[in-house]
Amino acid sequence: MDFEQSISQQLQQEQQEEQEIFVEQAVQEERQKSASWEIVNPIKEVNINPQIDQTIARHLQKGFQNCERVLMLCNDAIKYFHSNDQILLKITLLIKRIQTYKLLLTQIECILTDQNIDKTLIENNIEVSKQDMNTIMLDKLFEVINNQIFNDIINNGSNMFYQSNLKSNYRALVVAMSKLDQCIILIPYAAKTSKNDLFCYDMDSPQWRSIRNYERKVLGSKEAILKSYNDVTQGIVIANAFISKGSEQQNSLTQGLMEGFGALYYAIAQDRARKRAEHFLAEPNQSTIFKAWNLMETGFAKQMIRFAFPSITYNKKIYIPRLFKSITHDNLMQQYQNGSINRINNDVGQHVQYDIPTFESLFKDKNQRICVRILCNRELIQINKKPDFVQSIIGQQINKFEKIIIHIHGGGFVSMSSRSHQTYTRQWVKIIQCPLFSIDYRKAPEDPYPAGIDDVWQAYMFILNHIEKYFYIQPKRIILVGDSAGGNLCAALTIQAIKSGVRVPDGQLLIYPALNLSLKSFTPSMLVALNDRLLHHTVLKMCVLSYVSNKDYNADQDPLISPSKASDEILKKFPQTAFMIGTNDPLHDESWRLFKKLQELDIPTKMIVYDNMPHGFLSFDVPQGMKESHQTVIDSANWLQEMLN
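None of these values were measured; they are calculated from a predicted model.

### So, the overall build of the protein chain
Counting its secondary structure elements, the protein chain contains 21 helices and nine strands. Relative to its full complement of 645 residues, the protein chain shows a buried share of 56%. Considering only residue pairs separated by 6 or more positions, the protein chain has 82% of its internal contacts joining residues 24 or more positions apart. When the accessible area of the protein chain is evaluated, it comes to approximately 28,200 Å², of which 48% is carbon and sulfur surface.

### A word on the packing of aromatic side chains
All chains considered together, the criterion is met by 20 aromatic pairs. A centroid spacing of 4.9 Å and a plane angle of 85 degrees characterise the contact between tyrosine 214 and tryptophan 592, whose relative ring orientation is edge-to-face. Taken together, the residues tyrosine 214 in strand β1 (residues 214-217) and tryptophan 592 in helix α20 (residues 588-600) connect sequence positions 378 residues apart. On the basis of relative accessibility, which here comes to 0%, the residue tryptophan 592 falls in the buried class. Judged by centre distance (5.8 Å) and plane angle (70 degrees), the ring pair of tyrosine 449 and tyrosine 547 falls under edge-to-face. Here tyrosine 449 is found in the loop between β5 (436-440) and α16 (451-466), whereas its partner tyrosine 547 is found in helix α18 (residues 537-547), with 98 residues between them in sequence. Residue tyrosine 449 is classed as buried on the basis of its relative accessible area, which comes to 3%. Assessed through its relative accessible area of 2%, tyrosine 547 is described here as buried.

### A word on the pattern of salt bridges
Under the definition given, this model contains 22 salt bridges. Arginine 274 serves as the salt-bridge partner of aspartate 271, at 2.8 Å between the closest nitrogen and oxygen. One end of the pair, aspartate 271, and the other, arginine 274, are both in helix α10 (residues 270-282), three residues apart, so they sit about a helical turn from each other. Accessibility expressed as a relative area gives 30% for arginine 274, which makes it partly exposed.

### Focus: the pairing of β5
Among the five residues that make up β5, five are buried, leaving the element largely enclosed by the rest of the structure. Here β5 shows no split at all, with Leu436, Ser438 and Asp440 on one side and Phe437 and Ile439 on the other all buried. Where strand β3 (residues 370-376) and β5 come together, five bridges link them in antiparallel fashion. Bridge pairing in β5 links valine 372 to isoleucine 439. Relative to β5, strand β4 (residues 401-408) runs parallel, the two sharing four bridges. When the bridges of β5 are listed, isoleucine 406 appears paired with phenylalanine 437. As for the winding sense of the linkage, the β-α-β connection from β4 through helix α15 (residues 422-432) to β5 is right-handed.

### Considering the nonpolar core
With 153 residues, the main nonpolar core has Ile108, Ile187 and Trp592 as its most contacted residues. Looking at this core, the element that brings in the most residues is helix α5 (residues 166-191), giving 15 residues. In terms of nonpolar packing, the next biggest core, distinct from the first, is built from 33 residues, Ile432, Leu436, Ala578 and Phe620 among them.

### Here's the deal with the confidence of the model for the protein chain
Put simply, the protein chain has an average pLDDT of 87, and 88% of its residues get 70 or more. Predicted confidence is poor over residues 15-44, with pLDDT under 50, and the contacts of this stretch with residues over four places away or in other chains come to 63 contacts.

Thresholds, definitions, all that
Residues numbered from 1 in each chain as written. Predicted model: local features only at pLDDT ≥ 70, side-chain atom pairs only at ≥ 80, totals over all residues. Heavy atoms only, no water. Helix = DSSP H or I, 4+ residues; strand = E, 2+ residues; numbered from the N terminus. Buried < 20%, exposed > 50% of the residue type's maximum accessible area, 1.4 Å probe, protein only. Contact = heavy atoms within 4.5 Å. Areas by Shrake-Rupley, 256 points an atom, 1.4 Å probe, with all protein chains shown as cover. Phe/Tyr/Trp six-rings, centres within 6.5 Å; stacked < 30°, edge-to-face > 60°. Salt bridge = Lys/Arg side-chain N within 4 Å of Asp/Glu carboxyl O. Pairing = 2+ DSSP bridges. Right-handed = clockwise from strand over helix to strand, strands pointing away. Core = buried A, V, L, I, M, F, W, Y, C linked by side-chain atoms within 4.5 Å. pLDDT = per-residue confidence, 0-100.

Here it is as structure tokens:
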């Protein structure tokens, strides 16, 4: 059987599957829709108290009306799909979500009109007074819920009755329900967001006009950048689709075969890949999601990505022992209990062992050691006790490196490595011409917080105190740089150095950093994640829960988890800090908050804001990638060089 026949058969199989969950092939187009409420009684009439702000009143009214439409649709669906357990289960869940949404709307109306609230009906109540309720944030959230998500639910739910392509519409309904779930969770946090939050003000307000030292860059039109992003992330969509297809198999052999065939099939049937990938992300499985994120680190993809790496003179990995007091659960809990978690305490910097490895053993992978990749534009020469022939000839002509970069890669705390980020770190080294140390920290879910921050801490302290014993490197200037989760760890490492009383890096560059890992907060840029192919809202939540898996930790108070929550006492000690962010990034807003706070504390800061650029833009500067991304790599290299000088 040739390849075209295989694809044709697979398409036919998919079309056949689309009919399997369709209970009635032809539904009467002129059917009488039931007006009775056999399943759920309406919680309240659509009458909004005139005391309420008109904008919120319109949202509440439209919200109640949308709920009634969906509940009517659910009544019809239960009748027509009465024998389909899969659809009935989903409709039951949708009814529960709508009930919760109506109760939240009712709570908001009651709070704004000083009425009593029954808080026993739902788990996540709105705990805020009338005076403190943030109607501006609620407006931003309701705009998406009422005008986008409910439209998708009603349209796709209705289409399930009239179109033969039931499977596609069912998947689209599941995707819309997933978005509704997330927004319902966010409503109480949006309501209690401080009214003084930066994103409650217009851009021409004094709060925004007081911010300085930032530059907005336009790298292309909104449409061109979106097309580039969709093109470069199509591979991610296809990967999600074929991994989802493979996950349906029971054993590893058939799973591997289905994934391999699925990769070819979905590369051709890209619209089907998109729909399957969206459904996959709406109802994610942790192991399969993280498997998709780690594709660049395994198998064929791992071999192919190396062709995207620029050439480099020196690329070796060293394995650093743990010589310093570790950041442990017990140590953190003690700081929580005595109130010093967000204060300078000067207690973690000392050596705990003095077994310094030999030069040879530094290159051997050993248990409990931390892998660090060293990139350099020229060969690094070992320092020997007895000079070898070359060293005896050149003697003092060997120039020591006095400036270094320490890089911490992104990947949601659960994936990627220093290897996959060489698409841009090698470019940096060739432009800046100094050694770069890229740390491969332990990742969740196997090694949750504080494993990752402890690894970068141990590596930083070793480089600070011992690297000159092995190479002609005496770091008089050290700049940290991290992207996404690496930006979080970069800022957290700076905070740890300040808290511990050791040498603070001379500067840091935070690139689309994850600065606030609290799941009990809302900011408008979070809504980008509802449709983002890379940083999808379900995946974001899964990454945070995998990294901060111990409920003993508090992301709202611990600055090593959420660096933007660091106290003024700590932030006053920050070195010069630069930010690079895109406006089409779910993590966009928190960088502005920290940027503004540092400026108010007189810390040297600057920022580039790339209009319409997505999260992860540095990594898209590859062949057939986003042409707009190349400028961001150049800009970041220039800033690193400037900070080193």
